Amino acid sequence: MSNRPITEDDLHAYVDLALDAVRRDEVERYLARHKDVAARVAGYQKDRDLLRNAFASVAEEPVPSRLSVDSMMVAQRHVSRYRVWQLAAVAMVMLVVGAAAGWSVRGQWGLSGASVVMATNSASGIAALASEAVDSYEVYAPDRFRPVEMRADDSADFVRWASQRLSHPVRVPDLAPAGYRFMGGRVIPTAQGPAAMLMYDDDKGGRMVMLTRPMKLDQNAPMTSSHRGALGGYSWADKGLGYSVVAPLGDGLLHPLADEIRRQLGRDT
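First, a word on what this report is: a plain description of the structure on this page. Residue numbers here run from 1 along each chain, matching the order of that chain's written sequence. For this predicted model, a pLDDT threshold of at least 70 governs which residues receive local features, and a threshold of 80 or more governs which side-chain atom pairs are given and counted, while totals over whole chains, interfaces and linings are taken from all residues. Excluded from the side-chain calculations are hydrogens and water; all other atoms, namely the structure's heavy atoms, are used.

## Brief notes about the side chain of Gln-264
For step 1, the next point in the chain: We count a stretch as a helix when DSSP gives it H or I for four or more residues in a row; a strand needs E for two or more, and each element gets its number in order from the N terminus. Its location among the elements puts Gln-264 in helix H8 (residues 251–264).
For step 2, the next point in the chain: With near-sequence residues (within four places) excluded, Gln-264 lies in contact with Arg-171, Pro-173, Asp-174 and Leu-175. In what follows, residue pairs with any heavy atoms lying within 4.5 Å of each other are defined as contacts.

What follows is the structure, encoded as structure tokens:
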């Protein structure tokens, strides 16, 4: 028997029947001791079986001839020629409308060049990072099958990969003493370039996301809070790197976690 803790990834691999016999036995012993987690896993298994049963008949049907590779290639050639002209027409219309609207707003509100630059900057600074972190949470945290691309077991490879993509060192804060285990992460695209997303789990289904990327603006920024619906967030920047922590937690719970992350990354709040 190994001494590795049972992670959320192990639970999903158990549901997917993807564990080896030794690890499967360890998970089953863990579930026998944690009835609440066992009930959650049983729900995953029920959802899996419902999906399989719902699409079983479809999976057995032959592929329609219109979906064969040859038929799709012929159709794509016709669509591509039409789309080129369509996109060109749309681009021309947008260019004309955008130019007219820009000069109209300039005339009505007296926007100067400095004001335009300021508006652009606000979309790429710390506020943009906070919004990107919330978007990442909303996309990946609800995913119960593959929320991360590289799992915690591959954390060393993930750190090397993410650091290379961001051209900055990426570190994984240890939040186990606070009740959150590192699940893994992925590299995601943003308007400002690649960002590293790290995901944590509290063993009760609650998840937290940390997003980090190089900052073109606000390269040093104090910690600020933000909210979108039930999600709270704290964002800051230090020495050219931005960080944003997002979870469905109140400020009283999330702020200490953000402080601990910031402390481990080299700067006390």
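Once the structure has been displayed, the description carries forward.
## What about the packing of aromatic side chains?
Aromatic ring pairs are reported here in terms of the distance separating the ring centres and the angle at which the planes meet.
For step 1, the next point in the chain: Aromatic pairing here means that ring centres of Phe, Tyr or Trp (its six-membered ring) are within 6.5 Å. Orientation follows from the plane angle: under 30 degrees is stacked, over 60 is edge-to-face, and everything else is tilted. For the structure on display, the rule yields four aromatic pairs.
For step 2, the next point in the chain: Relative to Trp-161, the ring of Phe-158 lies with its centre 6.3 Å away and its plane at 70°, an arrangement referred to as edge-to-face. Of this pair, Phe-158 and Trp-161 are both found in helix H7 (residues 155–166), three residues apart, which corresponds to roughly one turn of the helix.
For step 3, the next point in the chain: With a centroid separation of 6.4 Å and 40° between ring planes, the pair formed by Phe-158 and Phe-182 is classed as tilted. Of this pair, Phe-158 sits in helix H7 while Phe-182 is found in strand E2 (residues 181–190), placing the two residues 24 residues apart along the sequence.
For step 4, the next point in the chain: Each residue's exposure class comes from its accessible area (1.4 Å probe, protein chains only) as a fraction of the maximum for that residue type: buried when under 20%, exposed when over 50%, partly exposed otherwise. Phe-158 gets classed as buried once you look at its relative accessible area, which sits at 0%.
For step 5, the next point in the chain: The exposure class of Phe-182 is buried, given its relative accessible area of 14%.
For step 6, the next point in the chain: Members of the aromatic cluster, connected to one another through ring pairs, are Phe-158, Trp-161, Phe-182 and Tyr-200.

## Overview of the sheet that holds strand E7 (residues 241–247)
For step 1, the next point in the chain: Two strands pair under a simple rule: DSSP has to find at least two bridges between them. Ordered by their spatial adjacency, seven strands build an open sheet running E1-E2-E3-E4-E7-E6-E5, and the pairing between neighbours is antiparallel. Each end of this open sheet is capped by a strand with a single partner; those strands are strand E1 (150–151) and strand E5 (221–228).
For step 2, the next point in the chain: Bridge count between strand E6 (residues 231–238) and E7: seven bridges; the pairing is antiparallel. Counterpart to Gly-232 in the pairing with E7 is Ala-247.
For step 3, the next point in the chain: Working convention: axes come from line fits to C-alpha atoms, limited for helices to the stretch in contact. Angles between N-to-C directions cover 0 to 180 degrees. The sheet contacts of helix H1 (residues 8–15) involve E1, E2, strand E3 (193–201) and strand E4 (207–214), and relative to E2 the element is tilted by about 85°.

## Quick notes on the nonpolar core
For step 1, the next point in the chain: Remark: nonpolar core denotes a set of buried residues (Ala, Val, Leu, Ile, Met, Phe, Trp, Tyr, Cys) joined through side-chain atoms within 4.5 Å. In this structure, Leu-198, Met-208, Trp-236 and Leu-254 are the most contacted members of the largest nonpolar core, which totals 27 residues.
For step 2, the next point in the chain: If we ignore the near neighbours within four places in the chain, the residues touching Leu-254 are Met-208, Gly-232, Gly-233, Tyr-234, Val-245, Ala-247 and Leu-249.
For step 3, the next point in the chain: One finds Ala-133, Val-148, Leu-231 and Ala-237 within the second-largest nonpolar core, a separate group that totals 19 residues.

## Things to note about the pairing of E7
For step 1, the next point in the chain: The element E7 is largely enclosed, with a buried count of seven among its seven residues.
For step 2, the next point in the chain: Burial along E7 is two-sided: Leu-241, Tyr-243, Val-245 and Ala-247 facing one way and Gly-242, Ser-244 and Val-246 facing the other are all buried.
For step 3, the next point in the chain: Two elements, E4 and E7, share six bridges in a ladder whose sense is antiparallel. Opposite Arg-213, over in E7, you have Gly-242 as the bridge partner.
For step 4, the next point in the chain: Hairpin remark: E6 followed by E7, antiparallel, with two residues in the connecting loop; positive phi at Lys-239, about 55°.

## A closer look at unusual backbone geometry
For step 1, the next point in the chain: Phi angles above zero are rare outside glycine, and Ser-167 is one such case at about 60°.
For step 2, the next point in the chain: With respect to the element layout, Ser-167 can be found in the loop between H7 and E2.
For step 3, the next point in the chain: Residue Ser-167 is classed as exposed on the basis of its relative accessible area, which comes to 62%.
For step 4, the next point in the chain: Phi is positive for Asp-218, close to 50°, though the residue is something other than glycine.
For step 5, the next point in the chain: Among the secondary structure elements, Asp-218 is positioned in the loop between E4 and E5.
For step 6, the next point in the chain: Under the relative-accessibility criterion, Asp-218 is labelled partly exposed at 36%.

## With respect to H7
For step 1, the next point in the chain: An ideal rise of 1.5 Å per residue puts 16 Å on twelve residues; H7 measures up with 16 Å between its terminal C-alpha atoms.
For step 2, the next point in the chain: Taken together, the buried positions of H7 are Phe-158, Ala-162, Ser-163 and Leu-166. End-on, the buried residues of H7 take up no more than an arc of 125°, which puts them together on one face. Opposite the packed face of H7, turned more than 90 degrees from it, sit the exposed residues Arg-160 and Gln-164.
For step 3, the next point in the chain: Buried residues belonging to H7 abut E1, E2, E3 and E4.
For step 4, the next point in the chain: Residue Ser-167 follows H7 closely and has a positive phi angle near 60°. Every helix has an expected span of 1.5 Å times one less than the residues it contains. To be clear, the arc concerns the directions from the helix axis to the C-beta atoms.

## As for the packing of H1 against helix H2 (residues 21–33)
Between two packed helices, both the angle of their axes relative to each other and the distance between the axes serve to describe the pair.
For step 1, the next point in the chain: Interhelical geometry of H1 versus H2 gives an angle of 110° and a closest axis separation of 10 Å. In this view, H1 runs roughly perpendicular relative to H2, as classed from their interaxial angle. Residues Asp-10, Leu-11 and Tyr-14 of H1 lie in contact with H2, whose contacting residues are Arg-23, Arg-24, Val-27, Glu-28 and Leu-31.
For step 2, the next point in the chain: Residues that form the contact of H1 with H2 fall into these classes: four nonpolar, no polar and four charged. Oblique is the label for every angle not falling under 35 degrees (roughly parallel), over 145 degrees (roughly antiparallel), or within 65 to 115 degrees (roughly perpendicular). Polarity classes work like this: nonpolar for Ala, Val, Leu, Ile, Met, Phe, Trp, Tyr, Cys and Pro, charged for Asp, Glu, Lys and Arg, and polar for all others, with Gly in that last group.

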